[in-house]
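Geometric and topological summary
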Amino acid sequence: MRVRGDSDVFSMGDQGDSFAMINGYEDLIRQEVDRFPANQVLATPEDDLVNYLIEKYALHVPRLKADDAYVERQGETQIDVSHRFDYGFSGRGNSQPIPGHEVVIAVPHLDDPDLFHVRASTFTLNPPRISVGNGNVYLRFADVSLDGERIKAEMNRLIAAINEHLGYLRRDFDTWNQRMPSFARQALVERKRRLMAQNNVVASIGLPMKRRVDDALTYAAPEVRRKINLAPPPMPRQAFKPEPALDAVEFDHILNIIDKVAIVFERNPSTFSKLGEEALRDNILVHLNGHYESATGETFNAAGKTDILIRSGEKNVFIGECKFWHGQKGYIETIDQLLSYLTWRDTKAAVIIFNRNKNFSDVLNTIREATVKHQNCKRAMPPLGETSFRYIFRQNGDDSRELHLAVLAFDIPTS
């Protein structure tokens, strides 16, 4: 029995090695980052651009689904026996075709078929010869006569050899996939640093910039092998402008103050069990005003009044909304209400939940499950504690504008 090849059959690893491909991908990432418009780099959330690059340049080695193998076709064919001593030929003459039999077995696979062509850093000098197409690896067996048991044994041997090659390749590319996110982020950080330095030079001159009439507001990614339909995050329509912001340390400090005050509520039910939302909020404001001169309650902002507002000059740096727990529907409405209060420049906010239900664990589970399903939620961040959570949300009407939303939940006994 022979394994014969058609014109599209190739030896695995016939088009370059894994290290050359990884070096090429490093160059592609640098080139793409350098081609991003300046406003794309400066105004788009860094994580969004990094996630786009990760999705585009991660390498996913194919995985065979051997249990789903099937016979693609079988039938008559011509077998050249000019090199076969068992047929009386020495291999020195012309082709000697005689009738034979062929069986083609299809083995489905997942992920990138192009990587079958890449040679791993560990390889054999006699790799399997296969054909790839339509989501399958094709194994063709042909001889003057075939035997089912021999075909099955040879198929299993070839599948094992293919999997061995893919295992070596996966080891190479797993290393790339692990370090590629930090490589992509560093490329973005370096580009952003250069752009900020250029902006600082121009700002020091003190003259206004003339804007080009044809200044692009949209961006299409250059094509890259395998993933040509992948597009980067939308181009921000607001020009980048540095502005004061509440940094993470200060945000955590505010949340820590609120957390400590609410824990006092929990531990003193006789004092706080009968207080309403406004009274509980006012207790929080008293402590915040011990740290910030501009912490106010029931302040108009955007579409309504917010419970807690901390300002720095004319800028809002923190907005909070206090609510008793009234189930998932009421919780989602509270998030929507808070989002409606936020202006484009507001990037730090919190929902403060007071619970008087009996099962606080169910409340916490509902918060975790419902928040990530909200249409504005982009991703969950590491939680602040057992009853305090943190998320990245997109602003209403602007997918490229992110805000940090904390959810603090407290159980206030009724007696």
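Residues numbered from 1 in each chain as written. Predicted model: local features only at pLDDT ≥ 70, side-chain atom pairs only at ≥ 80, totals over all residues. Heavy atoms only, no water.

Further remarks concern the overall build of the protein chain. When its secondary structure is counted, the protein chain shows nine helices and 16 strands. Counting only residues that meet the buried cut, the protein chain has 43% of its 415 residues in that class. Put simply, 71% of the contacts in the protein chain that link residues at least 6 apart link residues at least 24 apart. Summed over all atoms, the accessible surface of the protein chain reaches about 22200 Å², with 50% contributed by carbon and sulfur. (Helix = DSSP H or I, 4+ residues; strand = E, 2+ residues; numbered from the N terminus. Buried < 20%, exposed > 50% of the residue type's maximum accessible area, 1.4 Å probe, protein only. Contact = heavy atoms within 4.5 Å. Areas by Shrake-Rupley, 256 points an atom, 1.4 Å probe, with all protein chains shown as cover.)

On inspection of all chains with the given rule, the structure shows six aromatic pairs. Cluster of aromatic residues (ring-pair linked, three or more members): Tyr25, Tyr57, Trp176 and Phe183. The side chain of Arg119 reaches across the aromatic face of Phe123, ending 5.0 Å from its centre. (Phe/Tyr/Trp six-rings, centres within 6.5 Å; stacked < 30°, edge-to-face > 60°. Lys NZ or Arg CZ within 6 Å of the ring centre and 35° of its normal.)

Moving on, we get to the pairing of strand 15 (residues 388-395). Side-chain direction in a regular strand flips from residue to residue, so the side chains alternate between the two faces of the sheet. The buried fraction of strand 15 amounts to seven of the eight residues, a majority that puts the element mostly inside the structure. One ladder, built from five bridges, connects strand 14 (residues 377-385) with strand 15; its direction is antiparallel. Bridged to Gly385 within strand 15 is Ser388. Between strand 14 and the antiparallel strand that follows it, strand 15, lie two residues. (Pairing = 2+ DSSP bridges.)

Counting buried residues in strand 7 (residues 136-143) gives eight out of eight residues, a clear majority hidden from the surface. Inspection of the sheet shows strand 5 (residues 97-110) paired to strand 7 by eight bridges, in the antiparallel sense. Looking across to strand 7, one finds that Pro108 is bridged to Asn136. With three bridges connecting them, strand 6 (residues 129-133) and strand 7 associate as antiparallel partners. Residue Gly133 lies in a different strand from strand 7, and its bridge partner there is Asn136. Connecting strand 6 to the next strand, strand 7, in antiparallel fashion are two residues, including Asn134 with a positive phi near 55°.

Inspection of the secondary structure puts Thr77 in strand 4 (residues 70-80). Expressed as a C-alpha distance, the spacing of Thr77 and Gly100, which sit 23 residues apart in the sequence, is 5.2 Å. Setting aside chain neighbours within four positions, we find Thr77 in contact with Ile98, Pro99, Gly100, His101, Glu102, Arg140 and Ala142. For Thr77, the side chain forms a polar contact with the side chain of Arg140, separated by 3.5 Å. (Polar contact = N/O pair within 3.5 Å; in protein donor to acceptor, adjacent residues only side chain to side chain.)

Averaged over all residues, the pLDDT of the protein chain is 78; the fraction at 70 or higher stands at 75%. Across residues 1-7, confidence stays below pLDDT 50; counting only partners more than four residues off in sequence or on other chains, it has 25 contacts. (pLDDT = per-residue confidence, 0-100.)

Relative orientation of the contacting elements helix 1 (residues 18-35) and helix 3 (residues 46-57) amounts to 145°, with a least axis distance of 11 Å. Between helix 1 and helix 3 lies a crossing of right-handed hand. In this structure, helix 1 contributes Tyr25, Leu28, Ile29, Glu32 and Val33 to the contact, and helix 3 contributes Tyr52, Leu53, Lys56 and Tyr57. A per-class count over the contact of helix 1 with helix 3 returns seven nonpolar, no polar and two charged. (Axes fitted to C-alpha atoms, helices over the stretch in contact; angles between N-to-C directions. Left-handed = near helix turned anticlockwise from the far one by under 90°. Nonpolar A, V, L, I, M, F, W, Y, C, P; charged D, E, K, R; others polar.)

Our next topic: the pattern of salt bridges. The tally for this structure, following the rule as stated, stands at 21 salt bridges. Ionic pairing is found between Lys56 and Glu32, a salt bridge with its closest N-O pair at 3.2 Å. In this pair, Lys56 is assigned in helix 3 and Glu32 in helix 1, connecting sequence segments 24 residues apart. When its relative accessible area of 1% is taken as the criterion, Lys56 is described as buried. Where Glu46 meets Arg185, a salt bridge forms, and the shortest distance between an N and an O atom there is 2.7 Å. (Salt bridge = Lys/Arg side-chain N within 4 Å of Asp/Glu carboxyl O.)

Turning our eyes to something else, we now look at the environment of Phe36. Inspection of the secondary structure assignment puts Phe36 in the loop between helix 1 and helix 2 (38-43). Here Phe36 falls in the buried class, since its relative accessible area comes to 1%. Linking Phe36 and Leu49, residues 13 residues apart in sequence, is a C-alpha distance of 10.0 Å.

Contact pair helix 8 (residues 327-341) / helix 9 (residues 360-372): the axes reach a minimum separation of 10 Å and the direction vectors enclose 50°. Considering their axes alone, helix 8 and helix 9 lie oblique with respect to each other. Taken as a pair, helix 8 and helix 9 cross one another with a handedness that is right-handed. Every residue of helix 9 that contacts helix 8 at Gln328, Tyr331, Ile332 and Ile335 is listed here: Thr366, Ile367, Ala370 and Thr371. Among the residues making up the contact of helix 8 with helix 9, the classes are represented as five nonpolar, three polar and no charged. (Parallel < 35°, antiparallel > 145°, perpendicular 65-115°, else oblique.)

The subject of this paragraph is helix 3. Given a rise of 1.5 Å per residue, twelve residues ought to cover 16 Å, and the 17 Å separating the end C-alpha atoms of helix 3 matches this to within 8%. Turning to helix 3, its buried residues are Asp48, Leu49, Val50, Tyr52, Leu53, Lys56 and Tyr57. (Expected span 1.5 Å × (residues − 1).)

On to the nonpolar core, then. In terms of nonpolar packing, the biggest core is built from 43 residues, with Ile29, Leu64, Leu115, Val137, Leu139, Ile162 and Phe173 touching the most fellow members. Elements represented by at least two residues in this core include exactly helix 1, helix 2, helix 3, strand 5, strand 7 and helix 4 (148-205). Considering every element that reaches this core, the biggest residue donor is helix 4, with 15 residues. (Core = buried A, V, L, I, M, F, W, Y, C linked by side-chain atoms within 4.5 Å.)

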